[in-house]
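A closer look at the structure
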Amino acid sequence: MSLNWRTIPTRLGVFKVNCKRLACLLVFTVSVCGSAPGMCPTACICASDIISCTNKNLTRVPGNLYKSMKRLDVSYNRIGLLEPEWVPVLFEKLDTLIVNHNSISSIITGSFSTTPNLKYLDLSSNSLKTLGSPVFQELKALEVLLLYNNQITQIDTLAFGGLYNLQKLYLSYNLLSHFPLDLYFGKHKLTDLVLLDISFNHIQSVPIQRLSSAPAKQLSGIYLHGNPFSCDCVLYSMLIFWYQRHFSSVVDFKNEYSCLLQSDPKGDNKLPLLHDNFLNCSESTVNSSFQAFGFIHDAQVGDRLIVHCDSRISDAGTHFVWVSPDNILLEPDRETNNFKVFPNGSLEITDAQLENSGLYSCIAINKKRLLNETIEVRINVSNFTVNRSHAHEAFNTAFTTLAACVASIILVLLYLYLTPCPCQCKAKKKKRKLNQSSAHSSILNSTMPQELPADEKKASTGKRVAFLEPVHEPKQSQNGKVKLFPNDSVITESILKTTRTKSDSDSVNSVFSDTPFMPPT
């Protein structure tokens, strides 16, 4: 009996020890279950790590969802403002959040602090008008951001700051009027961005010169169709260049690219931008644009030229080879004549010669991804000495032509302004007219009397007055009316001006008869 009594306490002691262990296990289980509630709200549908709460008139995300969920869909609800409390609980495992077709009009900084590991965020089909800075800074791991079908008119420079892993950005069907160039250049550029969809906005022009310096890996994913572009040959050249490189953004939406003439700002007549050179752009304009895009390179004899293989396949493990115009294969780490190919795909031509001109092909091959791309680049090598001699010849020809024109103008001016004065001809003509009129007119000359005093002679020297009187030409048809001869004109002698030394009373009076002279019949 005593043995059993002792045994029982011993057994009770053992039992007590086991109870302590069980209590600890229960406490740990409750703590874990408390931090990860397993409820599925009645307004939602839960399937493993996917929860759908669509079309339930929600104004915020429910707080009693599974914390282990990875995908949450709250589309077609009444969420109007994104603020730090709109997701009340921290969801560290959530990587996909769909909030499209709500009434979101504004995003406040810190709205995504409880969802820091999102990789896919869909905010499309809402009422967003502006994107301030920075509103997505907590989403360091975000890769895809959908903002299409909003009313966005302005994007702040730092709106996408911190999204260094962003690969795809959809901004189509908004009201943007400027191309977001800050996404590719500047302090906060997105180096991993390979797709930018800004189709069907209000963009009229694109900063082509700056945009052309972006890598082909990024350029190939820019979708510009559906915008009211102004007709421009540089824009046409850029799109043709993308088309020739088989960029899907142009090839797949070729018919969606159109432009408006400056004389038609209302857009009544949209012109196809990529159909048979409808703009009639000159070849020189297209070639100069291709040169800016890196498709054409110019060099002089003896120059060192480096041409980059701007391929969309620039991942690790990509192998590059070049093919010369003579179909010579140029590979990395193998120098052939004056050619050298670097591991990054760049081609170096040392001591360029005229025979190096032609069309080169760069082939990028990625065996792991089973991808390859061929890029054609034209290289023009010219002789500077020959070009300079041609330039001198052209200059000499132009100078000679200009000198001849100047000499001709000088001769014409000399002929017009420095010819002898035709005084003698005028005198002879006047004398002939006087002789002709003397047969029909009476001329009274006032001459200075010889008996005038010396002082009166001095005062009246050089003053003469002549009068011509009309001649009566009786004709039967004119009934004796007076008519001047058609060739006669009133001729007066010039009054030579002299310094007047006396008063008007000392001037010489002219004496004449007012009886007309009648020619003998």
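Residues numbered from 1 in each chain as written. Predicted model: local features only at pLDDT ≥ 70, side-chain atom pairs only at ≥ 80, totals over all residues. Heavy atoms only, no water.

Going by the annotation in an unreviewed UniProt entry, the name recorded for the protein is AMGO2 protein, with Scytalopus superciliaris given as the source organism. Regarding the protein, the relevant UniProt record gives this comment under Sequence similarities (unreviewed entry): "Belongs to the immunoglobulin superfamily. AMIGO family." (UniProt positions renumbered as here; feature names shortened; annotations may be inferred.)

**Here's the deal with the sheet that holds strand β13 (residues 222–223)**
The sheet built from nine strands is open, its strands ordered β1-β2-β3-β5-β7-β9-β11-β12-β13 with mixed pairing. Every interior strand has two partners, whereas the edge strands, β1 (45–47) and β13, have only one. Note: β1 against strand β2 (residues 50–52), three bridges, orientation antiparallel. Following the sheet pairing, A47 is matched in β2 by I50. (Pairing = 2+ DSSP bridges. Helix = DSSP H or I, 4+ residues; strand = E, 2+ residues; numbered from the N terminus.)

**Digging into the UniProt feature "transmembrane region" (unreviewed entry) in the protein**
UniProt annotation of "transmembrane region" (unreviewed entry) refers to residues 398–418 when read in the numbering used here. Structurally, residues 398–418 is divided into 95% helix and 0% strand, and its ends, taken at the C-alpha atoms, are 30 Å apart.

**Points about the state of the cysteines**
All chains considered together, the criterion is met by four disulfides. There is a disulfide in this structure between C40 and C46, and the S-S distance comes to 1.9 Å. Measuring the twist about the S-S bond at about 95°, one finds the C40-C46 disulfide to be right-handed. For C40, a relative accessible area of 31% translates into the label partly exposed. A sulfur-sulfur separation of 2.2 Å characterises the disulfide bridge that pairs C231 with C259. The S-S bond linking C231 to C259 shows a torsion near 85°; that makes this disulfide right-handed. With C231 in the loop between β14 (229–230) and α4 (233–244) and C259 in strand β15 (residues 258–260), this pair connects stretches of sequence that are 28 residues apart. Judged on exposure class, the residue C231 and its partner C259 are both buried. (Disulfide = S-S within 2.5 Å. Buried < 20%, exposed > 50% of the residue type's maximum accessible area, 1.4 Å probe, protein only.)

**Remarks on the nonpolar core**
Ranked by size, the top nonpolar core spans 78 residues in total, and within it F136, F160 and W242 carry the most contacts. At the level of elements, α2 (208–211), α3 (216–219) and α4 are the ones that each hand at least two residues to this core. Take this core: its biggest share by element is seven residues, from α4. Other than its neighbours up to four places away in sequence, F160 contacts L131, F136, L145, L147, I155, L169, L183 and L190. One finds V341, A352, Y360 and A364 within the second-largest nonpolar core, a separate group that totals 19 residues. (Core = buried A, V, L, I, M, F, W, Y, C linked by side-chain atoms within 4.5 Å. Contact = heavy atoms within 4.5 Å.)

**Some thoughts on the confidence of the model for the protein**
Overall, the prediction assigns the protein a mean pLDDT of 76, with 67% of residues at 70 or greater. Within the model, the stretch residues 1–17 combines pLDDT values under 50 with one contact to residues more than four positions away or in other chains. Overall, residues 19–36 carries pLDDT values under 50, and its contacts beyond four positions in sequence, including any with other chains, amount to one contact. (pLDDT = per-residue confidence, 0-100.)

**Points about the side chain of S199**
Along the chain, the position of S199 falls in the loop between β12 (195–197) and α2. The exposure class assigned to S199 is buried, which follows from its relative accessible area of 2%. At 2.7 Å, the side chain of S199 forms a polar contact with the side chain of D197. Once residues lying within four places of it in the same chain are set aside, the contact partners of S199 are S172, Y173, Y223, L224, H225 and N227. (Polar contact = N/O pair within 3.5 Å; in protein donor to acceptor, adjacent residues only side chain to side chain.)

**As for the packing of aromatic side chains**
For any pair of aromatic rings, the description rests on two quantities: the centre-to-centre distance and the angle between the ring planes. Scanning the entire structure with this criterion turns up eight aromatic pairs. On the numbers, 5.9 Å between centres and 80° between planes, the contact of Y223 with F253 is edge-to-face. One end of the pair, Y223, is in strand β13; the other, F253, is in the loop between α5 (248–251) and β15, with 30 residues separating them in the sequence. Residue F253 is classed as partly exposed on the basis of its relative accessible area, which comes to 30%. A centroid spacing of 6.0 Å and a plane angle of 55° characterise the contact between F339 and Y360, whose relative ring orientation is tilted. Of this pair, F339 sits in strand β21 (residues 339–341) while Y360 sits in strand β23 (residues 358–366); the two residues are 21 residues apart in sequence, bridging distant segments of the chain. Classification of F339 as buried rests on a relative accessible area of 8%. (Phe/Tyr/Trp six-rings, centres within 6.5 Å; stacked < 30°, edge-to-face > 60°.)

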